Structures are given as C-alpha cells and as structure tokens.
Amino acid sequence: MELWVAIMERRAVRQFSQAAISKEDLRTLIGAAIWAPSAMNRQPWRFAVVTDPLVLQAIETKSKARILKSDPQGIRNPEIHKLLSDPEYHLLHGAPVLIAIGAPEREKWCIEDSAMAAQNLMLKATEFGLGTCWIGLVQDWLNTPEGLAVLRFPPSIKVVAPIIVGEPAGQIAGGSRKEPNIVWIVSEGSHFQEGHDAPKMEQPHTLFGELIHP
Ligand SMILES: Cc1cc2nc3c(=O)[nH]c(=O)nc-3n(C[C@H](O)[C@H](O)[C@H](O)COP(=O)(O)O)c2cc1C
C-alpha cells in the first residue's frame, strides 16, 4: 500500500465485527511497530495483547468507574460524562483485541518511543484492512497497579498507547483536519505564520525581513 493511501485510510474505527484476528497478523503489526524510531535506538517498548473478552470487559468497566469517580484526566466535559454513564457505551467499541504499548517510565522518552511504535502499528493495520483506535480513556486505569497487573506489565512500565484492533464493520468516518499552524523562521530574525489561529500579519523584525517572506 502506498504510504499516502495508508495515512489517509487510517481513521479511528469504532465499530468492529467479532472476527478473531490471527496471532500471526498481530505479530506482523507488532513487527511493524518495532521498526519505529526510538531515542538512542533503545527500543524500550513492550506490548500486551489482550484478546480475552472478560479481561477486555474488566478494562472497560474499571476505566469507566475510575473516570466517573475522580475525573483524573480532567475531562470536564458533560458530554463525555453522559456517555460514560451510559452502560451501553463501550470504551473499547466492541473490538476483539487491545494492544497496550508501554515502556519503562524511567526511560526519558518512553512516551515518544511508544507513540511512534503505535503509529507504525496503526498504519500497518490499515494496510491489512484492519481498523484501529487509540483509546486514551483506558490509559489511566491501565496505569494503576491493578491495571498493570492485568496486562502482566511490571510496575516500572508506563502504559502509553492502548490501541484497539479489529475487522471494521459499518461506516468509517472520513476524518477532518484544520489547516496546520506553521511559523516559518527564515532569516534575519524574520518570521511568518500561517494556518489556524495565525495572526493576520507578522511584522518583520528587520528592515530586510519583508523581502524574504515566502
Ligand atoms: C492520545 C489519543 C487518545 C484518544 N482517545 C480516544 C478514546 O478514548 N476513545 C475514542 O473513541 N477515540 C480516541 N482517540 C481517537 C481520536 O478521537 C481520533 O484519532 C481523532 O478524532 C481523529 O480521527 P482519525 O483518527 O479518524 O483521524 C484518541 C486518539 C489519540 C491520539
């Protein structure tokens, strides 16, 4: 699959068939994940693959309860709270697999490394016709001692990217993006900003700045 096609076709998938995903395919996804860059090539990531429906359900239930009780992620959004209070709302969207990617918290770039691995995994899944979605709402509970124990991760691990995987069912939203906000820092202290939230016009700092604006 062309890279651009994979980038554009990878969308958050929130409806899945119950078809099992083979261990071989899951290994291939993780095989793609580990070719992500990592700081000093330390490859600190670890993967927990959960396919047990009872464990998936427990992760949802515990995560929901935790958020509703203490709002630890600071989601002061009544809509999200309403959603989470609905017993019919499934945080893992009925996906048959959850791959949790984490790394030792003492690694300075554990978050960056894990997130890079997650993106590789999601792009590879797209190539396979599989749907994925990062489920941030289960992150906090997975990082509790109980959550880490469920994933069989040692307490030193920080779970960064819980990614659901499955065969998509139903419509996949097309996605949308804002114009990127870019500041171009060119030369002689001159800069120029474009995209959303960009100020209308930046004054050049130097006499010659305006000559070199893109
Ligand atoms: C850090 C992070 C946390 C996310 N958490 C959730 C989540 O808890 N539940 C969910 O349904 N989608 C979640 N998403 C998916 C985003 O909502 C989705 O990527 C975004 O709306 C853009 O859509 P797209 O992935 O189709 O381009 C998360 C994505 C990221 C990167």
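Draft legend 1. Spotlight on the site of the ligand. Residues in close proximity to the ligand include R10, R11, A12, R14, H93, C133, W134, I135, G136, L137 and R177, which together make up its full environment. At a separation of 2.9 Å, an oxygen atom of the ligand approaches a polar side-chain atom of R10. At 3.0 Å, a side-chain N or O of R11 approaches an oxygen atom of the ligand. Contact with the protein chains hides 62% of the accessible area of the ligand, taken as 630 Å² for the molecule alone. The residue makeup of the shell around the ligand, split by class, is five nonpolar, two polar and four charged.

Draft legend 2. Summary view of the domain arrangement of the protein chain. Each assigned domain of the protein chain is listed here: domain 1 (3-166) and domain 2 (182-212). Centre-to-centre separation of domain 1 and domain 2, based on C-alpha positions: 40 Å.

Draft legend 3. Here's a closer look at unusual backbone geometry. The backbone of R152 shows a phi angle near 60 degrees, a positive value even though the residue is not glycine. Along the chain, R152 falls in the loop between α7 (145-150) and β4 (157-166). For E188, which is not glycine, the phi torsion reads 55 degrees and is therefore positive. When you line up the elements, E188 lands in the loop between β5 (182-185) and β6 (191-194).

Draft legend 4. Seen up close, the sheet that holds strand β2 (residues 97-104). Here we have four strands laid out as an open sheet, ordered β1-β2-β4-β3, and antiparallel in their pairing. Here the strands that pair on one side only, and so sit at the sheet edges, are β1 (46-50) and β3 (131-134). Direction aside, neighbouring strands of the sheet carry axes that sit 25 degrees apart on average. Where β3 lies against β4, four bridges are found, and the strand directions are antiparallel. Bridge pairing links T132 to V165 in β4. The sheet strands contacting helix α2 (residues 23-33) are β1, β2 and β4, and the helix crosses β1 at an angle near 160 degrees. Along the sheet face, helix α5 (residues 110-127) touches β2, β3 and β4 and points at about 10 degrees away from the line of β4.

Draft legend 5. Here's a closer look at the environment of R152. Under the relative-accessibility criterion, R152 is labelled exposed at 70%. Sequence-wise, R152 and A48 are 104 residues apart; in three dimensions their C-alpha atoms are separated by 7.5 Å.

The rules we used
- Residues numbered from 1 in each chain as written.
- Predicted model: local features only at pLDDT ≥ 70, side-chain atom pairs only at ≥ 80, totals over all residues.
- Heavy atoms only, no water.
- Near = heavy atom within 4 Å.
- Polar contact = N/O pair within 3.5 Å; in protein donor to acceptor, adjacent residues only side chain to side chain.
- Areas by Shrake-Rupley, 256 points an atom, 1.4 Å probe, with all protein chains shown as cover.
- Nonpolar A, V, L, I, M, F, W, Y, C, P; charged D, E, K, R; others polar.
- Domains from an automatic or database assignment.
- Helix = DSSP H or I, 4+ residues; strand = E, 2+ residues; numbered from the N terminus.
- Pairing = 2+ DSSP bridges.
- Axes fitted to C-alpha atoms, helices over the stretch in contact; angles between N-to-C directions.
- Contact = heavy atoms within 4.5 Å.
- Buried < 20%, exposed > 50% of the residue type's maximum accessible area, 1.4 Å probe, protein only.

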